[in-house]
Amino acid sequence: RRSSDLVRDQPWSEEGLTIMTRLSKAILVSAAFLTSALGANAEPANSALLDDAKSFMKSYATDLQIGNRDAVSNRYDARGAYFVGQGKKTFMTVEQIKKTYQESWKPPASFAWSDLSYEVIGNNAVVVVGGFDLGISDKKALHFSYSALLVRSDGNLRIRLEDESPLPPQPASTGDAANDRK
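These figures come from a predicted structure and were not determined experimentally.

Trainee: So what's going on with the pattern of salt bridges? Which residues, and what values?
Mentor: Where charged atoms from two side chains of opposite charge come close, those side chains can pair. All chains considered together, the criterion is met by four salt bridges. Here Asp-63 ties to Arg-75 by a salt bridge, and the two come within 2.8 Å at their closest N and O atoms. Taken as a pair, Asp-63 in helix H2 (residues 14-66) and Arg-75 in the loop between helix H3 (69-73) and strand S1 (81-85) lie far apart in primary sequence, 12 residues in all. By relative accessible area, which is 11% here, Asp-63 ends up buried. The class of Arg-75 is buried, set by a relative accessible area of 9%. Taking the shortest distance from any N to any O, the salt bridge between Arg-160 and Asp-77 comes out at 4.0 Å. Here the residue Arg-160 occupies a position in strand S6 (residues 156-166), and Asp-77 occupies one in the loop between H3 and S1, the gap between them amounting to 83 residues. There is no split in this pair, since Arg-160 and Asp-77 are both buried. Here the salt bridges do not stand alone but share partners, grouping Asp-77, Arg-79 and Arg-160 into one network.

Trainee: I'd like to hear about the sheet that holds S6, residue by residue, with values.
Mentor: Spatial strand order, S2-S1-S6-S5-S4-S3: six strands in an open sheet with mixed pairing. On the outer flanks of this sheet lie strand S2 (88-92) and strand S3 (110-122), each paired with one strand and no other. Averaged over all neighbouring strand pairs, the angle between strand axes comes to 20°, with direction disregarded. The pairing of strand S5 (residues 141-153) with S6 spans 10 bridges and is antiparallel. Bridge pairing in S6 links Phe-144 to Pro-166. Along the sheet, helix H4 (residues 94-103) makes contact with S1 and S2, crossing S2 at roughly 100°.

Trainee: Any details on the side chain of Ser-73? Residues and values, ideally.
Mentor: You can see Ser-73 is positioned in helix H3. Once residues within four sequence positions are removed from consideration, Ser-73 is found in contact with Ile-97, Lys-98 and Tyr-101.

Trainee: Which residues make up the packing of aromatic side chains, and what values go with them?
Mentor: The full count for this structure, using the stated rule, is 12 aromatic pairs. Consider the rings of Tyr-101 and Trp-105, whose centres lie 5.2 Å apart with planes at 65°: the pair is edge-to-face. Here Tyr-101 and Trp-105 have matching classes, each one buried. Taken together, Phe-56, Tyr-60, Phe-111, Trp-113, Phe-132, Phe-144 and Tyr-146 form an aromatic cluster joined through their ring pairs. Lying over the aromatic face of Phe-56, Arg-75 brings its terminal NZ or CZ to 4.7 Å of the ring centre.

Trainee: Explain H4 residue by residue, including any values.
Mentor: Within the span of H4, buried status applies to Val-94, Ile-97 and Tyr-101. On an axial view of H4, the arc spanned by its buried residues comes to 60°, and they lie on one face. Away from its buried face, by an angle of more than 90 degrees, H4 presents the exposed residues Glu-95 and Glu-103.

Trainee: Describe in detail the confidence of the model for the protein, supporting the description with residues and values.
Mentor: Summary statistics for the protein give a mean pLDDT of 80 and a share of 71% for residues scoring 70 or more. A low-confidence stretch, residues 1-42 (pLDDT under 50), is modelled with 11 contacts involving residues beyond four sequence positions or located in other chains.

Trainee: Could you give an account of the environment of Gln-102, naming the residues involved and the relevant values?
Mentor: In this fold, Gln-102 is placed in helix H4. Separated by 34 residues in sequence, Gln-102 and Asn-68 have C-alpha atoms that sit 9.8 Å apart. Those residues in contact with Gln-102 that lie beyond four places of it in its chain are Arg-69 and Asp-70. Within polar-contact distance, the side chain of Gln-102 engages the side chain of Asp-70 at 2.8 Å.

Trainee: Give a description of unusual backbone geometry that names residues and reports values.
Mentor: Despite not being glycine, Gln-86 shows a phi value in the positive range, around 55°. Among the structural elements, Gln-86 can be located in the loop between S1 and S2. According to the relative accessible area criterion, Gln-86 is exposed, its value standing at 57%. In this structure, Asp-115 is a non-glycine residue whose phi angle is positive, near 50°. Note on placement: Asp-115 falls in strand S3. Judged by relative accessible area, Asp-115 falls into the exposed class, the value being 69%.

The rules behind these values
- Residues numbered from 1 in each chain as written.
- Predicted model: local features only at pLDDT ≥ 70, side-chain atom pairs only at ≥ 80, totals over all residues.
- Heavy atoms only, no water.
- Salt bridge = Lys/Arg side-chain N within 4 Å of Asp/Glu carboxyl O.
- Helix = DSSP H or I, 4+ residues; strand = E, 2+ residues; numbered from the N terminus.
- Buried < 20%, exposed > 50% of the residue type's maximum accessible area, 1.4 Å probe, protein only.
- Pairing = 2+ DSSP bridges.
- Axes fitted to C-alpha atoms, helices over the stretch in contact; angles between N-to-C directions.
- Contact = heavy atoms within 4.5 Å.
- Phe/Tyr/Trp six-rings, centres within 6.5 Å; stacked < 30°, edge-to-face > 60°.
- Lys NZ or Arg CZ within 6 Å of the ring centre and 35° of its normal.
- Arc of directions from axis to C-beta.
- pLDDT = per-residue confidence, 0-100.
- Polar contact = N/O pair within 3.5 Å; in protein donor to acceptor, adjacent residues only side chain to side chain.

Given below as C-alpha coordinates:
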(Lines give C-alpha, C1' and ligand atoms only; values in the text may rest on other atoms or scores of the structure.)
Protein backbone atom coordinates (compact mmCIF):
# COMPACT_ATOMS: atom_id res chain seq x y z
CA ARG A 1 0.00 0.00 0.00
CA ARG A 2 1.02 3.55 -0.61
CA SER A 3 1.39 6.07 2.20
CA SER A 4 -1.56 8.07 0.79
CA ASP A 5 -3.77 5.02 1.42
CA LEU A 6 -2.72 5.07 5.09
CA VAL A 7 -4.03 8.59 5.48
CA ARG A 8 -7.53 7.45 4.49
CA ASP A 9 -7.49 4.57 6.99
CA GLN A 10 -8.44 5.33 10.53
CA PRO A 11 -5.22 5.25 12.56
CA TRP A 12 -6.96 3.28 15.30
CA SER A 13 -8.21 0.52 12.99
CA GLU A 14 -6.51 -2.87 13.32
CA GLU A 15 -5.32 -2.78 9.70
CA GLY A 16 -3.97 0.75 10.09
CA LEU A 17 -2.09 -0.14 13.27
CA THR A 18 -0.56 -3.24 11.66
CA ILE A 19 0.68 -1.24 8.68
CA MET A 20 2.00 1.56 10.93
CA THR A 21 3.77 -1.00 13.14
CA ARG A 22 5.47 -2.59 10.11
CA LEU A 23 6.42 0.82 8.75
CA SER A 24 7.82 1.89 12.15
CA LYS A 25 9.88 -1.30 12.41
CA ALA A 26 11.26 -0.80 8.91
CA ILE A 27 12.25 2.79 9.73
CA LEU A 28 13.91 1.74 12.99
CA VAL A 29 15.84 -1.09 11.31
CA SER A 30 16.97 1.29 8.53
CA ALA A 31 18.01 3.93 11.05
CA ALA A 32 19.91 1.36 13.13
CA PHE A 33 21.69 0.09 10.03
CA LEU A 34 22.67 3.58 8.88
CA THR A 35 23.80 4.60 12.36
CA SER A 36 25.85 1.45 12.67
CA ALA A 37 27.40 1.83 9.22
CA LEU A 38 28.22 5.50 9.65
CA GLY A 39 29.30 5.13 13.27
CA ALA A 40 31.70 2.32 12.44
CA ASN A 41 33.67 4.61 10.13
CA ALA A 42 33.57 7.64 12.44
CA GLU A 43 34.36 5.89 15.72
CA PRO A 44 38.19 5.77 15.43
CA ALA A 45 38.31 9.46 14.49
CA ASN A 46 35.91 10.35 17.32
CA SER A 47 37.94 8.27 19.75
CA ALA A 48 41.15 10.07 18.80
CA LEU A 49 39.44 13.46 19.04
CA LEU A 50 38.00 12.53 22.44
CA ASP A 51 41.45 11.48 23.66
CA ASP A 52 42.90 14.77 22.37
CA ALA A 53 40.20 16.75 24.20
CA LYS A 54 40.85 14.94 27.48
CA SER A 55 44.58 15.53 27.12
CA PHE A 56 43.95 19.20 26.27
CA MET A 57 41.85 19.72 29.40
CA LYS A 58 44.39 17.94 31.61
CA SER A 59 47.27 20.09 30.38
CA TYR A 60 45.05 23.20 30.54
CA ALA A 61 44.56 22.51 34.26
CA THR A 62 48.32 22.17 34.71
CA ASP A 63 48.95 25.48 32.93
CA LEU A 64 46.37 27.19 35.16
CA GLN A 65 47.80 25.61 38.33
CA ILE A 66 51.35 26.78 37.62
CA GLY A 67 50.26 30.18 36.29
CA ASN A 68 51.71 29.74 32.81
CA ARG A 69 50.20 32.87 31.23
CA ASP A 70 51.59 32.27 27.73
CA ALA A 71 50.43 28.65 27.59
CA VAL A 72 46.95 29.53 28.86
CA SER A 73 46.47 32.38 26.38
CA ASN A 74 47.76 30.20 23.52
CA ARG A 75 44.94 27.70 24.15
CA TYR A 76 42.40 30.00 22.47
CA ASP A 77 41.46 29.91 18.80
CA ALA A 78 43.46 32.25 16.53
CA ARG A 79 40.16 33.81 15.38
CA GLY A 80 39.38 34.79 18.97
CA ALA A 81 36.86 33.37 21.41
CA TYR A 82 33.41 33.97 22.83
CA PHE A 83 33.04 34.23 26.59
CA VAL A 84 29.52 33.68 27.86
CA GLY A 85 27.83 33.39 31.22
CA GLN A 86 25.63 35.20 33.68
CA GLY A 87 23.54 36.68 30.88
CA LYS A 88 26.46 38.12 28.92
CA LYS A 89 28.31 37.31 25.71
CA THR A 90 31.66 38.86 24.90
CA PHE A 91 33.93 38.24 21.93
CA MET A 92 37.65 38.80 22.40
CA THR A 93 40.34 38.71 19.75
CA VAL A 94 43.37 36.58 20.45
CA GLU A 95 45.35 39.77 21.09
CA GLN A 96 42.83 40.88 23.72
CA ILE A 97 42.94 37.45 25.35
CA LYS A 98 46.75 37.51 25.51
CA LYS A 99 46.71 41.03 26.97
CA THR A 100 44.19 39.98 29.64
CA TYR A 101 46.29 36.99 30.72
CA GLN A 102 49.50 39.05 30.74
CA GLU A 103 48.18 42.15 32.50
CA SER A 104 45.22 41.36 34.74
CA TRP A 105 44.87 37.60 35.26
CA LYS A 106 45.99 36.27 38.61
CA PRO A 107 46.91 32.59 38.81
CA PRO A 108 44.76 30.64 41.24
CA ALA A 109 45.99 29.29 44.57
CA SER A 110 44.67 25.94 43.36
CA PHE A 111 42.69 24.59 40.43
CA ALA A 112 40.89 21.30 39.71
CA TRP A 113 38.35 20.21 37.11
CA SER A 114 35.31 18.33 38.35
CA ASP A 115 32.98 15.96 36.54
CA LEU A 116 33.98 16.85 32.98
CA SER A 117 31.91 15.32 30.18
CA TYR A 118 32.85 15.34 26.51
CA GLU A 119 30.64 15.34 23.43
CA VAL A 120 32.23 15.03 19.99
CA ILE A 121 30.07 17.16 17.68
CA GLY A 122 32.00 16.92 14.44
CA ASN A 123 35.28 15.81 12.90
CA ASN A 124 37.08 18.75 14.52
CA ALA A 125 34.94 19.89 17.44
CA VAL A 126 34.21 18.78 21.00
CA VAL A 127 31.94 20.27 23.64
CA VAL A 128 33.24 19.98 27.20
CA VAL A 129 30.94 20.51 30.20
CA GLY A 130 31.47 20.15 33.91
CA GLY A 131 32.87 22.31 36.63
CA PHE A 132 36.00 23.41 38.42
CA ASP A 133 37.18 24.50 41.82
CA LEU A 134 39.21 27.68 41.83
CA GLY A 135 41.31 28.32 44.92
CA ILE A 136 41.26 31.99 45.84
CA SER A 137 43.44 31.32 48.87
CA ASP A 138 45.03 28.34 50.57
CA LYS A 139 41.83 27.85 52.58
CA LYS A 140 39.02 28.92 50.25
CA ALA A 141 37.90 27.69 46.84
CA LEU A 142 34.96 28.72 44.67
CA HIS A 143 33.05 26.27 42.49
CA PHE A 144 32.17 27.18 38.90
CA SER A 145 30.18 25.47 36.19
CA TYR A 146 32.15 25.20 32.96
CA SER A 147 31.48 24.63 29.30
CA ALA A 148 33.69 25.04 26.27
CA LEU A 149 33.72 24.44 22.56
CA LEU A 150 37.08 23.07 21.46
CA VAL A 151 37.88 23.22 17.75
CA ARG A 152 40.81 21.73 15.90
CA SER A 153 42.95 24.40 14.26
CA ASP A 154 46.27 23.66 12.57
CA GLY A 155 46.17 20.18 14.10
CA ASN A 156 45.66 21.38 17.68
CA LEU A 157 42.54 21.86 19.78
CA ARG A 158 41.76 25.44 20.71
CA ILE A 159 39.03 27.11 22.77
CA ARG A 160 36.46 28.89 20.59
CA LEU A 161 33.80 29.43 23.25
CA GLU A 162 34.02 29.29 27.04
CA ASP A 163 31.58 29.73 29.91
CA GLU A 164 32.77 29.94 33.50
CA SER A 165 29.89 30.71 35.85
CA PRO A 166 30.19 30.75 39.64
CA LEU A 167 27.58 28.96 41.67
CA PRO A 168 24.97 31.38 42.99
CA PRO A 169 25.30 32.28 46.66
CA GLN A 170 23.54 29.86 48.96
CA PRO A 171 20.92 31.30 51.29
CA ALA A 172 22.05 31.58 54.88
CA SER A 173 20.88 28.82 57.17
CA THR A 174 18.30 29.78 59.76
CA GLY A 175 19.40 26.96 62.04
CA ASP A 176 15.96 25.39 61.64
CA ALA A 177 16.36 22.34 59.36
CA ALA A 178 12.61 22.18 58.58
CA ASN A 179 12.55 25.87 57.62
CA ASP A 180 15.73 25.62 55.53
CA ARG A 181 14.17 22.95 53.30
CA LYS A 182 11.32 25.25 52.26
